[in-house]
Amino acid sequence: MNRNSLSRQFNDKLDEIIGEDLPLLKKVKKFVVSSGGKRIRPITHYYFSMMLGYKGREWADVGAIGEIIHAASLLHDDVIDDAGIRRGKPTMNALFGNKSSILSGDFLLACGLEHLMKLPMSGPLLMIFTRVLRELSTGELLQMQWESDVKIPDPMYERIIHCKTGSLFGAMTESAAVLSGSGADEAARCRQFGEIMGRVFQIRDDFIDYFGDESANGKELFQDYRRGIVTRPVILLRKEISFREKKALEDMWNTPARRLSGQDMFFGLFEKKNIRKKLAVELETEIHKLMHFVRGYSKSQYTDDLMEALRALMVPVQ
Ligand code: FPP
Ligand code: MG
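Analysis parameters
- Residues numbered from 1 in each chain as written.
- Chains lettered and ligands numbered in written order.
- Predicted model: local features only at pLDDT ≥ 70, side-chain atom pairs only at ≥ 80, totals over all residues.
- Heavy atoms only, no water.
- Near = heavy atom within 4 Å.
- Polar contact = N/O pair within 3.5 Å; in protein donor to acceptor, adjacent residues only side chain to side chain.
- Areas by Shrake-Rupley, 256 points an atom, 1.4 Å probe, with all protein chains shown as cover.
- Helix = DSSP H or I, 4+ residues; strand = E, 2+ residues; numbered from the N terminus.
- Nonpolar A, V, L, I, M, F, W, Y, C, P; charged D, E, K, R; others polar.
- Phe/Tyr/Trp six-rings, centres within 6.5 Å; stacked < 30°, edge-to-face > 60°.
- Buried < 20%, exposed > 50% of the residue type's maximum accessible area, 1.4 Å probe, protein only.
- Domains from an automatic or database assignment.
- Contact = heavy atoms within 4.5 Å.
- Buried area = accessible area lost by both parts, 1.4 Å probe.
- Expected span 1.5 Å × (residues − 1).

1. Comments concerning the site of ligand 1
In the vicinity of ligand 1, the contacting residues are Ser 73, His 76, Asp 77, Ile 80, Asp 81, Arg 86, Leu 109, Leu 133, Leu 136, Ser 137, Glu 140 and Lys 164. Taking Asp 77, its side chain carries an N or O atom lying 2.9 Å from an oxygen atom of ligand 1. Contact distances for ligand 1 include 2.6 Å between an oxygen atom and a side-chain N or O atom of Lys 164. Protein chains bury 78% of the 640 Å² of accessible surface belonging to ligand 1 in isolation. Counting residues per element, the ones that place at least two in the shell around ligand 1 are helix H4 (59–80) and helix H7 (122–146). Its residues assigned to classes, the shell around ligand 1 shows four nonpolar, three polar and five charged.

Rendered as structure tokens:
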């Protein structure tokens, strides 16, 4: 099945799972079903279910539940970030206000979990997905505390991106193993794959913000820098510079006006320390780990499609 027909199947499932008890919730549903999201989480779940030999139809249900959790977390996130635009369209909070947006997110979560309880293996699946909800919330709380702190320790940054992105990707691949009746060891390995994939996604996003192609990605560059949000490129830079340079960076980062006027010095350090290349190589190494895992399964249309999706995550090294 190609990606377009897969996306259509997931949209039909989302339409089935999400209720529309009130006029506003009808709009929420339309918002999720026709959001323009790439459905990467459900599609990854599908590739894994097929690769592991699953013969049932519930991959569509579990995939859609993962997408619903993702959509609910974005409704909440856009309130927290006071975001007005997502994927080129006005956000729910911009259109209907913060309160409606938060409650709609809660409603989506309830629809997803209610549907999950009707599935085979609902017990283990519930464990997997409630862990995601817990980690999403912890990740967001930690991020609120640390995101502007240029001295954020590496393990804290890793914990935040694990909670924000890795956890749900890990659930998508682990749940495929659970549906397919794989043993505990294989399920743990699949989870680890998803967690690494989530990390790659997040760091790729960080990379694109500084070094991306504005016209190809449709995203304005240097948003994280302007907002003073510390991401992987800045963490890598801090590891490479002298004590004095670190002090200068800290002073600059903590004063928005100085951060903006010191932009040339900052980007000069990026050049000097080759941060773009180091980050691209780091991503490449992680993607190779993922490809190595996929090669451990017999070659099929699904492993080919998964390899293709992984290749597409590479960023240019130069
Ligand atoms: C996007 O981050 C946000 C997330 C991936 C997770 C948000 C999680 C919560 C708000 C916790 C509560 C949610 C639930 C449903 C339990 P970003 O702001 O870095 O990226 P963006 O540019 O896409 O907004
Ligand atoms: Mg946000």
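2. Side note on the packing of aromatic side chains
Describing an aromatic ring pair means giving the distance of the ring centres and the angle of the ring planes. As enumerated under the stated definition, the model contains 24 aromatic pairs in all. Judged by centre distance (6.4 Å) and plane angle (40°), the rings of Tyr 210 and Phe 266 are tilted. In this pair, Tyr 210 is assigned in helix H9 (residues 184–211) and Phe 266 in helix H15 (residues 263–272), connecting sequence segments 56 residues apart. As far as the burial class goes, Tyr 210 and Phe 266 line up, both buried. Here Phe 266 and Phe 267 contribute two aromatic rings whose centre-to-centre distance is 5.5 Å and whose plane-to-plane angle is 75°, an arrangement assigned as edge-to-face.

3. Considering the domain arrangement of the protein chain
Per the domain assignment, the segments of the protein chain are domain 1 (1–120) and domain 2 (165–318). Between domain 1 and domain 2, the C-alpha centre-to-centre distance is 24 Å. Counting from both sides, the interface comprises 22 residues of domain 1 and, opposite them, 25 residues of domain 2. Between domain 1 and domain 2, the buried area comes to about 2000 Å², and carbon and sulfur atoms account for 81% of it.

4. As for helix H3 (residues 40–51)
Between its first and last C-alpha, H3 extends 16 Å over twelve residues, near the 16 Å set by a 1.5 Å rise per residue. The element H3 is extensively covered by neighbouring structure, given that twelve of its twelve residues are classed as buried. Buried residues of H3: Ile 40, Arg 41, Pro 42, Ile 43, Thr 44, His 45, Tyr 46, Tyr 47, Phe 48, Ser 49, Met 50 and Met 51, and no others. Looking at the buried side of H3, the elements it contacts are helix H1 (3–17), H4, helix H8 (154–179), H9, helix H16 (275–295) and helix H17 (301–311). After H3 finishes, the residue Gly 53 shows a positive phi value of roughly 85°.

5. A word on unusual backbone geometry
Although it is not a glycine, Met 121 sits at a positive phi angle of roughly 65°. With respect to the helices, strands and loops of the structure, Met 121 is situated in the loop between helix H6 (98–116) and H7. Of the residues examined, Met 121 reaches a relative accessible area of 41% and is grouped as partly exposed.

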